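Fold and geometry: a report
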Amino acid sequence: MTSSDSAASPADHKRPRGLAPFLRSQMRNIAPFLTLILLSGFFAIASPSFATLDNVGNILTQVSVTGIIAVGLTFVILCAEIDLSIASIANVTGIAVAYFTVQESYVNIANVPMPGWAAILLALALCALLGLVNALGLTVIGIPSFIMTLAMMQIAAGVSAMLVRGQIAYKVPPLITTLGSGSIGGIPWIVIVAAVMLLGGHLVLTYTRFGRYVYMVGGNREAAEFAGLNVKLILGAVMVISAVCSGIGGMLGVAHFGSAQQNEFDTYLLDSIAAVVVGGTSLFGGRGGIGNTIVGLFVLGVLNNGLDHVNIDSFLKILIRGLILLAALIINVYAQRLREKAVD
Amino acid sequence: MSQGRAPILELKDITKAFGGVEALRGVDFALHAGEIHGLVGENGAGKSTLMKIIAGVHPEFSGRFMLDGKETRFRSTRDAHAAGIGMVHQELSVAPDLTVAENVFLGNQPTNRLGLVQWRRMAREAGEQLSRFGIDVDPMTRLGDLPIGLQQLIEIARVLFSGARIIILDEPTSALSPPEVERLFATLRRLREEGTSIVFISHFIEDILRVSDVVTVFRNGRKVTETRSAETSKGALIEAMIGRGGEALEHSYSDDLMLPPAGGGRTVLKADQLSLGRSLQDVSFEARSGEVLGVYGFMGCGQLELSRILFGKLKPDGGTLAVDGAAKTFRSTAAARRAGVALVPESRRAMLFHQEPVYKNISISILERISALLLKPVTERAIAKRQVEQLQIRPPVVGLDLGMLSGGNQQKVALAKWLTYPPRLLVLCEPTRGMDVGAKNDVINIVRDLRAKGLAIIVLSTEPETVLSLADRILVLKRGAVVREFAGEAVSKDRLLEAA
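Just so it is clear, the model here is predicted, and its values are computed rather than measured.

Details of the overall build of chain B
- Helix and strand content of chain B: 19 helices and 22 strands.
- Relative to a compact globule of 500 residues, whose C-alpha radius of gyration would be 23 Å, chain B shows 25 Å and is just as compact.
- With the principal axes as the frame, chain B shows a C-alpha extent of 70 × 55 × 45 Å.
- In chain B, buried positions account for 48% of the 500 residues.
- Taking the contacts inside chain B whose residues are at least 6 apart along the sequence as the reference set, 69% of them involve residues at least 24 apart.

This is the structure in structure tokens:
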């Protein structure tokens, strides 16, 4: 082989070094972290009750259900898709696990009681099935995930409505009750479950072949296909993962709230998407990860919790959350551009 | 050619550079009223650039531009449009979601006094115009529902009937069937009678000779010759295009090259009667181990579609594929990869992950082999390092983001990802496009090494040089069909161009 053009080309060796380009390429990781520190600092100064060990525990518990749902959503967004059915699937799975559990006599639901383990397995099967429908719609039929999961949002809400018919169920299997509302050594089980699932998600994304495929498909879907990856299989898998994470979040959430009813997870759709995106995972796919999602969760958690500690009009809070989300989206899009510039 | 009248459009000493590379060098060009002017030349010879200057796409250039004898400068395509210049670009540019009528009247829909679109009038006039052109479709159909060839005809019709007095057609016939080409030519002749001037760019030299009055030949950004069509021949034009006795490299290709006698080992891939819409018709061939099969043809001849079918990205409408004698229907690219087929596509955007490090780009296609569940980054990097050394990829840093490598090195990475566990069949689309001589040589040597290892290789290219420098056997594709096979005989660039 003759020596190539490249040996002579100086452009090849010009790797951007120095602090500025590095910071620019890491913008998506740095910005959310900075936001978290600034917010925490602000609330710590503004309210004496914010920076206490008790309150840190509160924040952890408050973000747990969102965290569990966000694990699966991170996979989906890394693939440059979206799942709008997460909250609905969480809701229907929570309702299903209660539906299969013996309720008190005053609960007026025509339910089908079974042993706890069977109720849990059936509920998990239900959310996996709904995720599979999402997956088939997206990959086999070719419906964009935005629309497919919008339809699923309604379908899952419909199933929820059919199961409870406007009533409220209270009992769930003992295991779910423990994991959702119990604690061990002062640490709520739900925080432990969220931590374990986030860790699991991180390990899968970082150290497994499947995780690599998720990043590659998100980074450049066409190249992934030309590398001989089964892109549809991977996209289908992340939709199922997302639905199952939502289902687990839904079951524990029902135990945590102490009741299963229609529309009780509605705020979790926005919160979960916000957590993933505020954390810096790229909406264009291929960049970010569970680490980002954790930071995003804390940003939201600190914001929600902190606003309760300072004296602010509760209606204004909604607006503030919206503005913070908008700021995060702007940073997200800019971070992508800066990184592209740093590479090209 | 001087016709005793002043030309309506005259360009003098036009030079145009893109980022330091001169696409046009001191070109003169004149167009007369009622003339069909053919332009020929290889890819990158400067034909399209000159036409885009005329159509106002490239407002920056040096030289004089005279319309009706008056010095003019277009600042945009709007200016050119207002001056009566219309152009049909090489790439289809229609609005598939609008109706046929809306596409015909794109930008100048008939409106009433209130500014509302007169739908009925628009549909009626669009229908009349199209039927004059021999197209019989409901003007209210969605354009995207029609076949590509018909869409192209409608786009051409839009420009032909826009009232423009200078019409530029860049490769209008590549997706058209023979009767459609006839209809186009009849319309062009009629417009000529009405005094319209037409510039017609095509790779199909027979087409140019049949329809044009004058032919201009471009080579490497220069105008080589201009003659009356009646006074020249296909052979003479090809000779002018590739420059017999010109630069040494080109010279070697116009000489006859002896293809080796039918050789190769066992048949690895057998394609039988592959068809895909209007892109491919009954394409059959075999690829044998230890042999490079070249597939040559002009842009749009169906090569890209063929490569996609071989790699399971497109499903053929008809025909069968067999790998090592076993019939295969690839449901996905993953299935093709597992069957031992590898593809390096023509666009670097499609073949690589620019924001990921080199080693991940190299390992992506073989991860299945090196890791069951958990990734093995150490092994991955070791494999990548070996490939980087073997292919002399510069800089030899496997952790570097791919986007920081030069184009030639990226191309080598795209090859490298298939080489650790060599496939049975390697399909390369335009493997040396846009590379300088050194990188081209590297790629040629890599491909020859692989052939020596017994791979079956298919090289698809629109550049005759690429096919000639690599192939042991050459198929020529024309409008989706195999029109000629060169095997064990003499072949040259002239002969390839002649066949295509």
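That shown, we press on.
What about the overall build of chain A?
- Looking only at helices and strands, chain A has 15 helices and 2 strands in total.
- A compact globule built from 344 residues should have a C-alpha radius of gyration of about 20 Å, and chain A, at 22 Å, falls within 12% of that.
- On the principal axes, the C-alpha backbone points of chain A span a range of 85 × 55 × 35 Å.
- Scored against the burial criterion, the 344 residues of chain A give a buried share of 51%.

Description of the pairing of strand β14 (residues 291–296) of chain B
Residues and elements named next belong to chain B.
- Among the 6 residues of β14, 6 are classified as buried, and the element is accordingly described as predominantly covered.
- Residues Glu-291, Leu-293 and Val-295 of β14 are buried on one face, and the alternating residues Val-292, Gly-294 and Tyr-296, pointing to the opposite face, are buried as well.
- Pairing geometry for β14 and strand β20 (residues 473–478), over 4 bridges, is parallel. Counted as the bridge partner of Val-295 is Leu-475 from β20.

Section: the nonpolar core
- If you look at the biggest cluster of nonpolar residues, it comprises 250 residues, and the most contacted ones within it are A:Val97, A:Val214, A:Val217, B:Ala157, B:Val427, B:Ile457 and B:Val459.
- Residue contacts for A:Val217: discarding those within four places in its chain leaves A:Cys79, A:Ala224, A:Leu229, A:Val231, A:Ile234 and A:Leu235.

Side note on the confidence of the model for chain A
- With 93% of its residues at a pLDDT of 70 or more, chain A shows a mean pLDDT of 87.
- When the criterion is pLDDT under 50, residues 1–16 of chain A qualifies, and its contacts beyond four places in sequence or with other chains add up to 37 contacts.

Some words on the environment of A:Ile37
- As for its position among the elements, A:Ile37 is in helix α3 (residues 27–46).
- Taking C-alpha positions, A:Ile37 is 33 Å from A:Gly258, a pair spaced 221 residues apart along the chain.

Some details on the environment of B:Ala384
All names here are of chain B.
- Looking at the secondary structure, you find Ala-384 in helix α15 (residues 377–390).
- In this structure Ala-384 comes out as buried when scored by C-beta crowding, with 24 C-beta atoms within 10 Å.
- In sequence terms Ala-384 and Thr-420 are 36 residues apart; their C-alpha atoms lie 8.8 Å from each other.
- Once you skip the residues sitting within four places of it in the chain, Ala-384 turns out to touch Val-358, Tyr-359, Ile-362, Ser-363 and Val-398.

Observations concerning the sheet that holds β20(B)
All names here are of chain B.
- The mixed open sheet is built from 6 strands, whose spatial order is β17-β18-β19-β14-β20-β21. In this open sheet, the two strands that pair with only one neighbour each are β17 (341–344) and β21 (481–487). The average angle at which neighbouring strand axes cross in this sheet is 20 degrees, direction not considered.
- Relative to strand β19 (residues 456–461), strand β18 (residues 425–429) runs parallel, the two being bridged by 5 bridges. Within β19, the residue paired with Val-427 across the bridge is Ile-458.
- Strands β14, β17, β18, β19 and β20 of the sheet are contacted by helix α10 (residues 303–310), whose axis makes an angle of about 150 degrees with β18.

Remarks on α3(A)
Residue and element names in this part refer to chain A.
- Taking 1.5 Å per residue as the helical rise, α3 with its 20 residues ought to reach 28 Å, and the 28 Å between its terminal C-alpha atoms agrees with that figure.
- Taken together, the buried positions of α3 are occupied by Arg-28, Ala-31, Pro-32, Thr-35, Leu-36 and Phe-43. The arc enclosing the buried residues of α3, seen along the axis, measures out at 135 degrees, which places them on a common side. The exposed set on the far side of α3, more than 90 degrees from its buried face, consists of Leu-34, Ile-37, Leu-38, Gly-41 and Ile-45.

Concerning the sheet that holds strand β16 (residues 326–328) of chain B
Residues and elements named next belong to chain B.
- Taken in spatial order, the 4 strands line up as β13-β12-β15-β16 in an open sheet, and their pairing is antiparallel. The sheet is open, and its two borders are formed by β13 (280–288) and β16, each paired with just one other strand. Going from strand to strand, the sheet's axes swing by 20 degrees on average, the running direction of each strand aside.
- Of the strand pairs in this sheet, strand β12 (residues 267–276) and strand β15 (residues 318–323) are connected by 5 bridges, and their pairing is antiparallel. Counted as the bridge partner of Ser-275 is Gly-318 from β15.

Regarding unusual backbone geometry
Residue and element names in this part refer to chain B.
- Not every positive phi belongs to a glycine, and Asp-68 is a case in point at roughly 55 degrees.
- By the secondary structure assignment, Asp-68 is in the loop between β4 (62–67) and β5 (70–71).
- Asp-68 sits in the partly exposed class, given 14 other C-beta atoms within 10 Å.
- Despite not being glycine, Gln-392 has its phi angle at roughly 55 degrees, a positive value.
- In this fold, Gln-392 is placed in the loop between α15 and α16 (407–416).
- Given 18 C-beta atoms within a 10 Å radius, Gln-392 is considered partly exposed.

Re the environment of A:Ser242
Residue and element names in this part refer to chain A.
- Looking at where Ser-242 falls in the secondary structure, it is placed in helix α12 (residues 231–257).
- Judged by local crowding, Ser-242 falls into the buried class, with 33 C-beta atoms found within 10 Å.
- In sequence terms Ser-242 and Ala-87 are 155 residues apart; their C-alpha atoms lie 11 Å from each other.
- In this view, Ser-242 contacts Gly-72, Leu-73, Phe-75, Val-76, Asp-83, Ile-86 and Gly-131; residues no more than four positions away in its chain are not counted.

Brief notes about the pairing of strand β10 (residues 222–228) of chain B
All names here are of chain B.
- Pairing of strand β9 (residues 214–219) with β10 involves 6 bridges; the strand directions are antiparallel. Across the sheet, residue Val-214 finds its bridge partner in β10, namely Arg-228.
- What sits between β9 and β10 in their antiparallel hairpin is a turn of 2 residues, with Asn-220 showing a positive phi close to 50 degrees.

Topic: the packing of helix α4 (residues 53–78) of chain A against helix α13 (residues 266–278) of chain A
Residue and element names in this part refer to chain A.
- Running from N to C, α4 and α13 point in directions that differ by 60 degrees, and their axes come no closer than 8 Å. On the basis of their axis angle, the class for α4 and α13 is oblique. Where α4 crosses over α13, the two elements pack in a sense that is right-handed. Note on element contacts: α13 touches α4 through Tyr-268, Asp-271, Ser-272, Ile-273, Ala-275 and Val-276, opposite Val-65, Thr-66, Ile-69, Ala-70, Leu-73, Thr-74 and Ile-77.
- Considered class by class, the residues forming the contact of α4 with α13 number 9 nonpolar, 3 polar and 1 charged.

Quick notes on the packing of helix α5 (residues 86–99) of chain A against α13(A)
All names here are of chain A.
- Two elements in contact, α5 and α13, have axes whose closest approach is 7 Å; the angle formed by their N-to-C orientations is 135 degrees. Relative to α13, the element α5 is oriented oblique. The crossing of α5 and α13 is right-handed. When α5 is examined against α13, the residues Ile-86, Ala-87 and Ala-90 are found in contact with a partner set consisting of Asp-266, Tyr-268, Leu-269 and Ser-272.

Details of helix α9 (residues 189–207) of chain A
- The terminal C-alpha atoms of α9(A), which comprises 19 residues, lie 26 Å apart, in line with the 27 Å expected from a rise of 1.5 Å per residue.
- By the burial criterion, the buried members of α9(A) are A:Trp189, A:Ile190, A:Ala194, A:Met197, A:Leu198, A:Gly201 and A:Leu205.

What counts and how
Numbering of residues starts from 1 in each chain and follows the order in which that chain's sequence is written. Labels follow written order: the first chain is A, the first ligand is 1, and so on. With the structure being a predicted model, the display of local features is reserved for residues of pLDDT at least 70 and the display and counting of side-chain atom pairs for 80 or more, all residues being used for whole-chain, interface and lining totals. Helix and strand definitions here come from DSSP, where helices need a minimum of 4 consecutive H or I residues and strands a minimum of 2 consecutive E residues; each element is numbered from the N-terminal end. Note on method: radius of gyration uses C-alpha positions; expected globular size equals 2.2 Å times residues raised to 0.38. Here a residue counts as buried when 20 or more other C-beta atoms sit within 10 Å of its C-beta, as exposed when there are 12 or fewer, and as partly exposed otherwise, the C-beta atoms being derived from the backbone. Whether two residues are in contact is decided by their C-beta atoms, placed from the backbone, lying within 7 Å. Here a strand pair is declared whenever DSSP counts at least two bridges between the two strands. Structurally, a nonpolar core is described as a collection of buried Ala, Val, Leu, Ile, Met, Phe, Trp, Tyr and Cys residues joined by way of C-beta atoms within 7 Å. The pLDDT score gives, residue by residue, the confidence of the prediction method on a 0 to 100 scale. Note on definitions: angles span 0 to 180 degrees between N-to-C directions of axes, and those axes are lines fitted to C-alpha atoms, for helices only across the stretch in contact. By definition here, a helix of n residues has an expected span of 1.5 Å times n minus one. It is the directions from the helix axis to the C-beta atoms whose arc is reported. For classification purposes, angles smaller than 35 degrees are called roughly parallel, those larger than 145 roughly antiparallel, those between 65 and 115 roughly perpendicular, and all remaining angles oblique. Two helices crossing with the near one rotated counterclockwise from the far one by less than a right angle form a left-handed crossing, whereas a clockwise rotation gives a right-handed crossing. As a working rule, the residues Ala, Val, Leu, Ile, Met, Phe, Trp, Tyr, Cys and Pro are called nonpolar, Asp, Glu, Lys and Arg charged, and the rest polar, with Gly in that last group.

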